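# Tertiary structure, described
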Amino acid sequence: MAIARASEEVIDREPIDNRAQSVARLFIDRVAATPNDEAYRFPERGGWASVTWAETGTRVTALAAGLITLGVQPEDRIALASSTRYEWVLADLAVMCSGAATTTVYPSTTAPDVAYIVSDSGSRIVFAEDESQLAKLREHRSELAAVEKVVLIDGTPDAADDDWVITFSDLQNLGTELLSESPDVVADRISGITPDHLATLIYTSGTTGKPKGVRLPHSAWTYEAAAIDAIHILDSKDLQYLWLPLSHVFGKVLLTLPLQIGFPTVVDGRVDKIVDNLAVVKPTFMGAAPRIFEKAYAKVSATIREEGGVKEKIFDWAIGVGLEASRARQAGKSPSLLVNAQLALADRLVFSTVRDRFGGRLRFFISGSAALDKDVAQWFDAVGIVVLEGYGLSETSAASVVNRPDAYRFGTVGWPVPGTEVRIAEDGEVLVKGPGVMTGYHENPQATADSLNENGWFHTGDIGELDTEGYLRITDRKKDMFKTSNGKYVAPSAVAATFKGICPYAGEIIVSGEGKPYCVALISLDVEAITEWAEKNGMAGHSFGEISQAQATRNLIGGYIEELNAELNRWEQVKKFRILNRELTVEAGEITPSMKLKRKVVIDNFSDEIAALCN
């Protein structure tokens, strides 16, 4: 690992060359290597169904042949509008094996935006999960002249849809018929896919203007899989729990890893079932956005505080011991004999119970998509579950930098994966270069030129720094940082991460203060957490709006703001705040489906509230 300084500060890793030619080849090689091993597990009729790689291969091949029957050609775009489920996996792999490219569409995307993405991508076919997704396409059918067919995963087409809509089973049957006549049709198509062929179009969130389509070739995904495999944090004995939106780059890369490594994946996109499912399926790892860890931490902490008494004292003692051991490990030291003895007792009394809530077999969590508060990460490490924070963007195929189970630093996103370079520009912006970087934005050469220089360095828009050991720390989004009237810069995302680690009732905090003498904040509350608190504090049966605006709630949150300010520089401290009377939502465009805050949208939506705080 080479580290230079200042504007030439860079981490360099050996390239990864031993990778498959395409995602399709990676998949069929996996089927051939371990045909009888479990590939996927998914909810079915109140229980869990399991399929092998061979069974998955049979269905994918039939679906791919069905797409070829419909006239799909190499690099044609096929849109996929669905929640996370096994059929999403089948459809995406079928697209890969037909030589086409998947255009991902979040199921929560509004009808006009679905029409824009499908039209802008030039998608010829759309997989629609159900009637609600199909309705969006019907509403804008006149704008979707390029769409020749819609494949409905659940439900039955209406008579008015004529032959524009077919079912998932119809597509598979078409493929089975073609295979009976031409058994090698899919294999021949796979043989023709090159590493440079387009595999995926992922559209950015579009917080300003229309979303941009990120073009990712097969080589980006096969590189990511091989690079992560090369750091040896996963093997075929692992079991993944995958709930993340597969339309998001984080979910997509976690879908590619099993093809390389061979471990099975439990697929269930129901966010409200995560904790219950973890206890049942007992995975060894899971990827998630920070909000999941913040909520779990807050839930456990709040429960203990409510019980009080001896339980609370034992819990606090155990956490103290766990934190002492964790800090020793972070410093590269072994805990003392006394601490180890105390740790064994703490584990028996407290930590084992916490770990059992997550299935009891977790080796680690992977956190991405937004900043994770280091105190939350440290808490999980104290109870024996390490959270490995990573970093990447849609434009870099997600996994550019990641902490390792045997080398991690809380508050950082780790080291670059093999083959990826990271450089810090003179203005502090993080630059990334490597095989995972996009080839450009779809039919948007100006945006491509603005973000990707002639030497292949992608400008991430994030501000960061490399420490002396090569760990990357992300400070904030370049466009989100602001300067107060006193000339001091404030990194609002860093302040937000700290607050969410302190306050168990916070959903989000949006800190503002551009050109002002002090900072102000909008705070959204977590409905579940604050409602439970309200029931125990004289507000049982009150609406969320009433609870959020109650003086008792303001006093509660004000106490946490004081704790936050004690950890901040004077110019970063929040002098005034307002609690919002509703949660921030995906539907309002304020949160992405991967649970990431869209700061500009929130500031625009609540501009009057911010103006009132600043006066």
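Residues numbered from 1 in each chain as written. Predicted model: local features only at pLDDT ≥ 70, side-chain atom pairs only at ≥ 80, totals over all residues. Heavy atoms only, no water.

### A look at the overall build of the chain
- When helices and strands are counted, the chain shows 21 helices and 28 strands.
- Relative to the globule expectation of 25 Å for 615 residues, the C-alpha radius of gyration of the chain, 25 Å, shows essentially globular dimensions.
- Considering only contacts within the chain whose residues lie at least 6 apart along the sequence, 66% involve residues at least 24 apart.
- For the chain, the computed accessible surface area is about 24,700 Å², with 49% contributed by carbon and sulfur atoms.
- Between the centroid of the 62 positive side chains of the chain and the centroid of its 84 negative side chains there is a distance of 5 Å. (Helix = DSSP H or I, 4+ residues; strand = E, 2+ residues; numbered from the N terminus. Rg over C-alpha atoms; globule rule 2.2 N^0.38 Å. Contact = heavy atoms within 4.5 Å. Areas by Shrake-Rupley, 256 points an atom, 1.4 Å probe, with all protein chains shown as cover. Lys, Arg positive; Asp, Glu negative; His and termini not counted. Charge placed at Lys NZ, Arg CZ, Asp CG, Glu CD.)

### What about the environment of Gly 501?
- Within the secondary structure, Gly 501 is located in helix 16 (residues 492-502).
- Taking the C-alpha atoms as reference points, Gly 501 and Leu 337, separated by 164 residues in sequence, lie 30 Å from one another.
- Ignoring sequence-local partners within four residues, the contact set of Gly 501 consists of Tyr 297, Asp 373 and Val 376.

### Some remarks on the layout of surface pockets
- Roughly 1,100 Å³ of volume is contained in the second largest pocket.
- For the lining of the second largest pocket, the secondary-structure elements that each account for two or more residues are helix 10 (274-281), helix 11 (290-307) and helix 17 (527-535).
- Considering every element that reaches the lining of the second largest pocket, the biggest residue donor is helix 11, with twelve residues. (1 Å grid on protein atoms, 1.4 Å probe; cavity = no way out; pocket = protein on both sides within 12 Å on 5 of 7 lines; lining within 4 Å. Points joined across faces, edges and corners; volume = space filled by probe spheres on them.)

### What to know about the packing of helix 1 (residues 23-33) against helix 9 (residues 249-261)
- Relative orientation of the contacting elements helix 1 and helix 9 amounts to 50°, with a least axis distance of 8 Å. Here helix 9 runs oblique to helix 1, going by the angle between their axes. Along this stretch, helix 1 crosses helix 9, giving a crossing that reads as left-handed. In this structure, helix 1 uses Val 23, Leu 26, Phe 27 and Arg 30 to contact helix 9, whose residues at the interface are Thr 256, Pro 258, Leu 259, Gln 260 and Ile 261.
- Of the residues in the contact of helix 1 with helix 9, the class split is six nonpolar, two polar and one charged. (Axes fitted to C-alpha atoms, helices over the stretch in contact; angles between N-to-C directions. Parallel < 35°, antiparallel > 145°, perpendicular 65-115°, else oblique. Left-handed = near helix turned anticlockwise from the far one by under 90°. Nonpolar A, V, L, I, M, F, W, Y, C, P; charged D, E, K, R; others polar.)

### A look at helix 2 (residues 53-69)
- With 17 residues, helix 2 ought to run about 24 Å at 1.5 Å a step, and its terminal C-alpha atoms sit 24 Å apart, in line with that.
- Those residues of helix 2 that fall on the buried side of the exposure criterion are Trp 53, Thr 56, Gly 57, Val 60, Ala 62, Leu 63, Ala 64, Ala 65, Gly 66, Leu 67 and Ile 68.
- Following helix 2 by one or two positions, Gly 71 adopts a phi angle in the positive range, close to 95°. (Expected span 1.5 Å × (residues − 1). Buried < 20%, exposed > 50% of the residue type's maximum accessible area, 1.4 Å probe, protein only.)

### Focus: the nonpolar core
- Formed by 138 residues in total, the largest nonpolar core has its most connected members in Tyr 40, Phe 127 and Phe 380.
- At ten residues, the largest contribution of residues to this core is made by helix 3 (residues 86-97).
- Each residue touching Phe 380, except ones within four places of it in the same chain, is listed here: Phe 293, Ala 296, Tyr 297, Phe 358, Phe 365, Ile 385 and Val 387.
- Listed in part, the 32 residues of the second largest apolar core include Val 490, Trp 533, Leu 556 and Ile 557. (Core = buried A, V, L, I, M, F, W, Y, C linked by side-chain atoms within 4.5 Å.)

### Let's talk about unusual backbone geometry
- Positive phi, normally seen in glycine, also occurs at His 232, with a value near 60°.
- Looking at the secondary structure, you find His 232 in the loop between helix 8 (218-230) and strand 12 (240-242).
- Looking at His 232, the relative accessible area reads 66%, which means it is exposed.
- One non-glycine residue, Ser 397, lies in the positive phi region at around 60°.
- Tracing the backbone through its elements, the reader meets Ser 397 in the loop between strand 16 (386-391) and strand 17 (401-402).

### Comments concerning the sheet that holds strand 27 (residues 519-525)
- The mixed open sheet is built from three strands, whose spatial order is 26-27-28. The sheet is open, and its two edges are formed by strand 26 (506-512) and strand 28 (574-579), each paired on a single side. Strand after strand, the sheet turns through a mean of 25° between neighbouring axes, direction not considered.
- With five bridges connecting them, strand 27 and strand 28 associate as parallel partners. What sits directly across from Ala 521, in strand 28, is Phe 577.
- Sheet strands in contact with helix 21 (residues 607-614) are strand 26, strand 27 and strand 28, and its direction is about 135° off that of strand 27. (Pairing = 2+ DSSP bridges.)

### Focus on the confidence of the model for the chain
- Overall, the predicted model of the chain reaches an average pLDDT of 91, with 96% of residues at or above 70.
- Long-range and interchain partners of residues 1-15, a stretch whose pLDDT sits below 50, account for 47 contacts in this model, where long-range means more than four residues apart. (pLDDT = per-residue confidence, 0-100.)

### Thoughts on the sheet that holds strand 9 (residues 165-167)
- Here eight strands make up an open sheet; going across it, the order is 9-8-7-5-6-10-11-21 and the pairing mixed. Looking along the sheet, the strands with just one partner apiece sit at the ends: strand 9 and strand 21 (440-441).
- Bridge count between strand 8 (residues 149-152) and strand 9: three bridges; the pairing is parallel. Looking across to strand 9, one finds that Val 150 is bridged to Val 165.
- Packed on one face of the sheet, helix 8 meets strand 10 (198-203) and strand 11 (213-217) and runs near 65° to strand 11.

### Focus on the pattern of salt bridges
- Tallied over the entire structure, the rule returns 33 salt bridges.
- For Glu 131, the salt bridge goes to Arg 138, with nearest N and O atoms at 2.6 Å.
- The exposure class of Glu 131 is partly exposed, given its relative accessible area of 38%.
- Since its relative accessible area comes to 25%, Arg 138 is described here as partly exposed.
- For Glu 429, the salt bridge is made with Lys 478, and the minimal N-O distance between the two is 3.3 Å. (Salt bridge = Lys/Arg side-chain N within 4 Å of Asp/Glu carboxyl O.)

### Some remarks on empty space enclosed by the protein
- Inspection of every chain in the model, using the stated rule, returns three cavities of 30 Å³ or more.
- Looking at the largest cavity, its volume works out to about 40 Å³.
- What lines the largest cavity is Ala 377, Val 387, Leu 388, Glu 389, Asn 403, Tyr 408, Arg 409, Phe 410, Gly 411 and Thr 412.
- With three residues, the top contributor of residues to the lining of the largest cavity is strand 16.
- Classifying every residue of the lining of the largest cavity by side-chain character gives five nonpolar, three polar and two charged.

### Here's the deal with a negative patch on the surface
- A cluster of acidic side chains, namely Asp 375, Glu 562, Glu 563 and Glu 567, defines a negative patch on the protein surface.
- Within the secondary structure, Glu 567 is located in the loop between helix 19 (551-566) and strand 28. (Patch = residues over 30% accessible without salt bridge, like charges linked within 9 Å, V, L, I, M, F, W, Y side chains within 5 Å.)

### Regarding the side chain of Thr 222
- On the secondary structure map, Thr 222 appears in helix 8.
- Within the structure, Thr 222 has its side chain in polar contact with the backbone oxygen of Ser 219 (distance 3.3 Å).
- Beyond its immediate chain neighbours, meaning those up to four positions away, Thr 222 contacts Arg 19, Ala 20, Ser 22 and Val 23. (Polar contact = N/O pair within 3.5 Å; in protein donor to acceptor, adjacent residues only side chain to side chain.)

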